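Remarks on the overall topology
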Amino acid sequence: MRLSSLLTLACAIAAFVLSILCLLAGDKRTFLQDTEILTLNISRLGHGSLFDTSSGDSGLLSGLSSTIQEGINDIIGDAATDIASLLGLPDFFNVHVTDYCQGVYSPNSTAPNPGQNVTECSKSTLGFHFEPTKIVQDHLPAGITLDDIHWPSDITDAENTIKIVSRVMVIFYIIGIVLSGIAMFTAAAGIFTNGRLSAFFNWLVDVVAFITLGVASAVATAVMVIATNRINKYTDEIGIASSKGGKFLGMTWAATAVMLLASFVSVVQCCVGRRNTRRYGEKGGY
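Since we're looking at a predicted model, the values are computed, not measured.

**What about a nonpolar patch on the surface?**
- Residues Leu 7, Leu 261, Phe 264, Val 268 and Val 272 make up a contiguous nonpolar surface patch of about 460 Å² in total accessible area.
- Top contributing element to the nonpolar patch by residue count: helix H9 (residues 246–272), with four residues.
- Summarising the element assignment, Leu 7 is placed in helix H1 (residues 5–24).
- Overall, the relative accessible area of 40% leaves Leu 7 in the partly exposed class.

Okay, structure coming up:
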């Protein structure tokens, strides 16, 4: 019996559960909304340097001025005004691996540490990639265009890169989940075996699972960094901002780390090999 395989079994179970949670986070409105890759905050849209109506730029709210009965300068100048709501836009988008969810801040977007009230989520698909340009455009009311809100073309260009790497990320998550599942069975079997061959097979499964989950985590981190950096370049200009999902980052890299630990234990088992069951100096029988 090889009791050290209990540790590799625990690691495989942890990696399996964590990676599944990363893949399925946000699948429903109430399921792990705080485990997002990133949050796109558009609640302050319109509160930026490009919306200085004193210089003649009034395109954003010109189509709404007749209904809200306020001067455009007063609306844009009032920091408490939620222009996103006036345009029919949600306050934020939580971006997950297989879908996105949207909602409004509670009690409002200007409150310190506001809560999130998630109103709806997109359909969860393995081929999902976040397209903020299309989503925002679809939400805009008639008469208001992306040009009116000064939507950066740089973000649109970044979406093509994100589309490719998002699909790579999902593929490696699925492979990593399958391999960590297999690692659970090989680790369980390894508890009752002592040979080097079984230890080597355990190590092989563990190390490949570690590599695939590591690639998935690295790609997810890249998506997070690329998207956040591109979006936050325009915070001061048009009022949009993005924040990285720290909890998601912790979970995905934790799954990778425990498979690395399992790989280390397995390679030690492989090097030690079969335990000598004879006592030192004991004579063998015939």
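**Section: the environment of Val 207**
- Here Val 207 is to be found in helix H7 (residues 196–232).
- Once the C-alpha coordinates of Val 207 and Ser 263 are considered, the two residues, 56 residues apart in sequence, prove to be 5.3 Å apart.

**Focus: the state of the cysteines**
- The final tally for this structure, using the stated rule, is one disulfide.
- Linked covalently through their sulfurs, Cys 101 and Cys 121 form a disulfide whose S-S length is 2.0 Å. Torsion about the S-S bond of the Cys 101 and Cys 121 cystine: about 105°, corresponding to right-handed handedness. Of this pair, Cys 101 sits in strand E3 (residues 100–106) while Cys 121 sits in strand E4 (residues 115–121), placing them 20 residues apart in sequence.

**Re the UniProt feature "transmembrane region" (unreviewed entry) in the protein**
- The UniProt record annotates "transmembrane region" (unreviewed entry) at residues 6–26, 170–191, 203–227 and 248–268.
- A distance of 32 Å separates the end C-alpha atoms of residues 6–26, which is 90% helix and 0% strand.
- Annotation note: span residues 170–191, helix share 95%, strand share 0%, distance between end C-alpha atoms 32 Å.

**Digging into the environment of Ser 242**
- Inspection of the secondary structure puts Ser 242 in strand E5 (residues 241–244).
- Those residues in contact with Ser 242 that lie beyond four places of it in its chain are Leu 38, Thr 39, Thr 228, Ile 231 and Asn 232.
- Only 3.3 Å separates the side chain of Ser 242 from the side chain of Thr 228, close enough to count as a polar contact.

**Overview of the side chain of Thr 228**
- Tracing the backbone shows Thr 228 in helix H7.
- With relative accessibility at 4%, the residue Thr 228 sits in the buried group.

**Some thoughts on the packing of aromatic side chains**
- Applying the stated rule across the entire model yields six aromatic pairs.
- Chaining the aromatic ring pairs together yields one cluster made of Phe 93, Tyr 100, Phe 128 and Phe 130.

**Structural notes on the pattern of salt bridges**
- The tally for this structure, following the rule as stated, stands at three salt bridges.
- Here Lys 28 makes a salt bridge to Asp 27, at a shortest N to O gap of 3.4 Å.
- Note on Lys 28: relative accessible area 52%, which makes it exposed.
- Its relative accessible area of 31% is what places Asp 27 among the partly exposed residues.
- Residue Lys 134 is joined to Asp 138 by a salt bridge in which the shortest nitrogen-to-oxygen separation is 3.1 Å. Of this pair, Lys 134 and Asp 138 are both found in helix H5 (residues 132–139), four residues apart, which corresponds to roughly one turn of the helix.
- Since its relative accessible area comes to 46%, Lys 134 is described here as partly exposed.
- Of the residues examined, Asp 138 reaches a relative accessible area of 52% and is grouped as exposed.

**Some points on the pairing of strand E1 (residues 38–41)**
- Relative to strand E2 (residues 92–95), E1 runs antiparallel, the two being bridged by four bridges. Note that in E2 the partner of Leu 40 across the bridge is Phe 93.
- Direction of pairing for E1 relative to E5: antiparallel, over a ladder of four bridges. Bridge assignment links Thr 39 to a residue of E5, and that residue is Ser 243.

The rules behind each value
- Residues numbered from 1 in each chain as written.
- Predicted model: local features only at pLDDT ≥ 70, side-chain atom pairs only at ≥ 80, totals over all residues.
- Heavy atoms only, no water.
- Patch = residues over 30% accessible without salt bridge, like charges linked within 9 Å, V, L, I, M, F, W, Y side chains within 5 Å.
- Areas by Shrake-Rupley, 256 points an atom, 1.4 Å probe, with all protein chains shown as cover.
- Salt bridge = Lys/Arg side-chain N within 4 Å of Asp/Glu carboxyl O.
- Helix = DSSP H or I, 4+ residues; strand = E, 2+ residues; numbered from the N terminus.
- Buried < 20%, exposed > 50% of the residue type's maximum accessible area, 1.4 Å probe, protein only.
- Disulfide = S-S within 2.5 Å.
- UniProt positions renumbered as here; feature names shortened; annotations may be inferred.
- Contact = heavy atoms within 4.5 Å.
- Polar contact = N/O pair within 3.5 Å; in protein donor to acceptor, adjacent residues only side chain to side chain.
- Phe/Tyr/Trp six-rings, centres within 6.5 Å; stacked < 30°, edge-to-face > 60°.
- Pairing = 2+ DSSP bridges.

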